[in-house]
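Observations on chain architecture
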Amino acid sequence: MNRIANLNDRYTAQESLIRTGVEMILVNDPIGESLNRTVCKLSRSIREHELNALEEIESAAKALLWRYVTRPQPLSHNQGIDEICRAIQQQVAHFKNKIQDRALLTDLTESVKQIGLGDPLTGRVLLESCQEVGAKNAVVVAASRPATQDLRTWLEPYGIAVVTQSELARLNAHFEITYAVGPPKFFGSSVVTSPATNELSYLLPSWFKDRSIPLSAISAHSEGKIQIRSRLYSVGPALEVAAKPLEENLELESYLPQPIWSRPRGATTEHVEEDRAQARKIYLSGEFSIWLDDGERIRTIEIGNPPGERVSYTNVGSIKRGTFLLLRQGVSEYGALADASKKALGNLAREIEFTQSNWKQALGKKINEHSKTYIIKQLEMEGIATPNRAFAWVEKDLICPQKKSDFLALLRWLQVPVEPTLSNAMALRRQTYKTRNDIHRQLEKSIANADMNHLERNGFLQVGYETEGFRGILATRVLAISPDHEIVPKSNLRVPSSDRSARWLE
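To start, this report covers the structure provided alongside it. (Residues numbered from 1 in each chain as written. Predicted model: local features only at pLDDT ≥ 70, side-chain atom pairs only at ≥ 80, totals over all residues. Heavy atoms only, no water.)

Some words on the sheet that holds strand β4 (residues 177-181)
Ordered by their spatial adjacency, six strands build an open sheet running β3-β2-β4-β5-β1-β6, and the pairing between neighbours is parallel. One side of each edge strand has no neighbouring strand; the edge strands of this open sheet are β3 (161-163) and β6 (230-235). Averaged over neighbouring strand pairs, the angle between their axes works out to 25° when direction is ignored. Contacts from helix α7 (residues 145-155) reach β2 (138-141), β3 and β4, with the element oriented near 175° to β3. (Pairing = 2+ DSSP bridges. Helix = DSSP H or I, 4+ residues; strand = E, 2+ residues; numbered from the N terminus. Axes fitted to C-alpha atoms, helices over the stretch in contact; angles between N-to-C directions. Contact = heavy atoms within 4.5 Å.)

Description of the environment of Leu327
As for its placement among the helices and strands, Leu327 is situated in strand β11 (residues 324-328). Of the residues examined, Leu327 reaches a relative accessible area of 4% and is grouped as buried. Distance in space between the C-alpha atoms of Leu327 and Arg299 is 7.3 Å, their sequence separation being 28 residues. (Buried < 20%, exposed > 50% of the residue type's maximum accessible area, 1.4 Å probe, protein only.)

Focus: helix α12 (residues 372-381)
For α12, the set of buried residues is Ile375, Ile376, Gln378 and Leu379. Buried residues of α12, seen end-on, are gathered within an arc of 165° and therefore sit on one face of the element. Exposed residues on α12 whose side chains face more than 90 degrees from its buried face are Thr373, Lys377 and Met381. Along its buried surface, α12 packs onto α11 (348-369), α13 (390-393) and α14 (404-414). One or two steps after α12, the chain reaches Gly383, where phi turns positive at roughly 85°. (Arc of directions from axis to C-beta.)

Section: the packing of helix α3 (residues 55-70) against helix α4 (residues 79-95)
It is at 10 Å that the axes of α3 and α4 come closest, and there the two elements cross at 155°. Taken as axis vectors, α3 and α4 run roughly antiparallel relative to one another. Viewed along their axes, α3 and α4 form a crossing whose handedness is left-handed. Mapping the contact onto sequence places Glu56, Ile57, Ala60, Ala61, Ala63, Leu64, Arg67 and Tyr68 in α3 and Gly80, Ile81, Ile84, Cys85, Ile88, Gln91, Val92 and Phe95 in α4. For the contact of α3 with α4, the per-class residue count stands at 12 nonpolar, two polar and two charged. (Parallel < 35°, antiparallel > 145°, perpendicular 65-115°, else oblique. Left-handed = near helix turned anticlockwise from the far one by under 90°. Nonpolar A, V, L, I, M, F, W, Y, C, P; charged D, E, K, R; others polar.)

Describing the side chain of Lys360
Positionally, Lys360 belongs in helix α11. Ignoring anything within four residues of it in the chain, the contact list for Lys360 reads Trp393, Val394, Glu395, Leu398 and Ile399.

Describing α11
For α11, built from 22 residues, the straight-helix expectation of 32 Å at 1.5 Å per residue is met to within 8% by its first-to-last C-alpha distance of 32 Å. Taken residue by residue, α11 has Ala349, Ile352, Thr355, Gln356, Trp359, Lys360, Leu363, Gly364 and Ile367 as its buried positions. An end-on view of α11 places all buried positions within 165° of arc, on one side of the element. Turned more than 90 degrees away from the buried face of α11, the exposed residues are Arg350, Phe354, Gln361, Lys365 and Asn368. (Expected span 1.5 Å × (residues − 1).)

A word on unusual backbone geometry
The omega angle of the peptide bond from Glu419 to Pro420 is 5°, so this bond is cis rather than trans. Relative to the assigned elements, Pro420 resides in the loop between α14 and α15 (421-448). Even without a glycine there, the phi angle at Glu287 is positive, about 65°. Relative to the helices and strands, Glu287 is located in the loop between β7 (276-284) and β8 (288-293).

Without other data, these values stay purely geometric and don't point to any function.
Pasting the structure below:
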């Protein structure tokens, strides 16, 4: 199907939804309702009584509820359910005698036990619905990539297609109906505004009260905006009416496990020692984390690009949840790059190290003896274009000022001999660039042979790499970024370490 025909089909499908509306299959699931009620009580109690020690239990409980709603396949195809249930029970046993409201944890334990007693009703309804219209006529869209992989493993043997939301947007195959597994809030507006099929059904628990249909951000400001009505269809045993209503219309993040951050050990305004730096903690797939400083760039992977064009450098400020980082394990990338460059320079390396250390020490002495304002003013008088960068030039990973004219002016101001300092710095810069390019080519070769589907599915991948000093390359997805900076040793920057704090964020 060509792009124009596909676009016409999308318009036809949208007209159909405007005319007939979307169907919401409300599954009356008492087991899920019990768990949801307990999780809401737990979250409310943690907020009201500042029970911070229970945040990890809350995170695990939310992960269980999220999985139960978005991956309703039989328990035989849902091993993650059992893992989370065991973890919650272990944590409850640890804290049960340490808090006053023991009944709350008792209720959570009972709800978790009920989850493991039978397959989710939503999954049975989904399979029956697809088979009723014909497996080849239905396409299932999942709320997340991990959910897509799990639902595929279960449904593809039945001949039922399962796609991510982005894959649904590019879908060219012809289907009659789309089944979205989860409440509308869990999906983007394109599922409705650019539908792939003439019919759309959401499968969601009846206890999930926010059933609003997401529309595009501009629709609220447009005349004659699209109105999509919903048709409600209830299945399963009737649920008892709750004595106290649950919270409704929460943001999506309220239903998701949230990262747990330690309290910052250092404020961003305090003095930072030379061997330390300000950095933010980042949780990564595979139970890893790193400390990321505010440097200029970091190596990333664009998994959708063709082989040979996947590895790139990205500004640190552009890193966000879902970005794939490419990290060297054990030692910072700068340290490995510097070692490889020195080895390539041979006998000249020792002389370069001496002259680099000499001018950086002279600059560091000036900075320690005078105020920041004085330093900047003096460098401006010397004609240096970026005087405020002087405080970064003392760092080992910055070879010298970017402009040669700035470096010459700086050396004269420091009263450091221009030669061989200038020539050595230029030689080190050339070799560093060459080494970095060689590494980039080798990484591209390794990434070209790596399984991108595995990386997308599991969130992390150990990449085989042969260049000396760069063994142990980890490709991993960003799960969460701390809002606060902390002061940490520079040796810890950008080096992945094991960290189970984010295990429920996947």
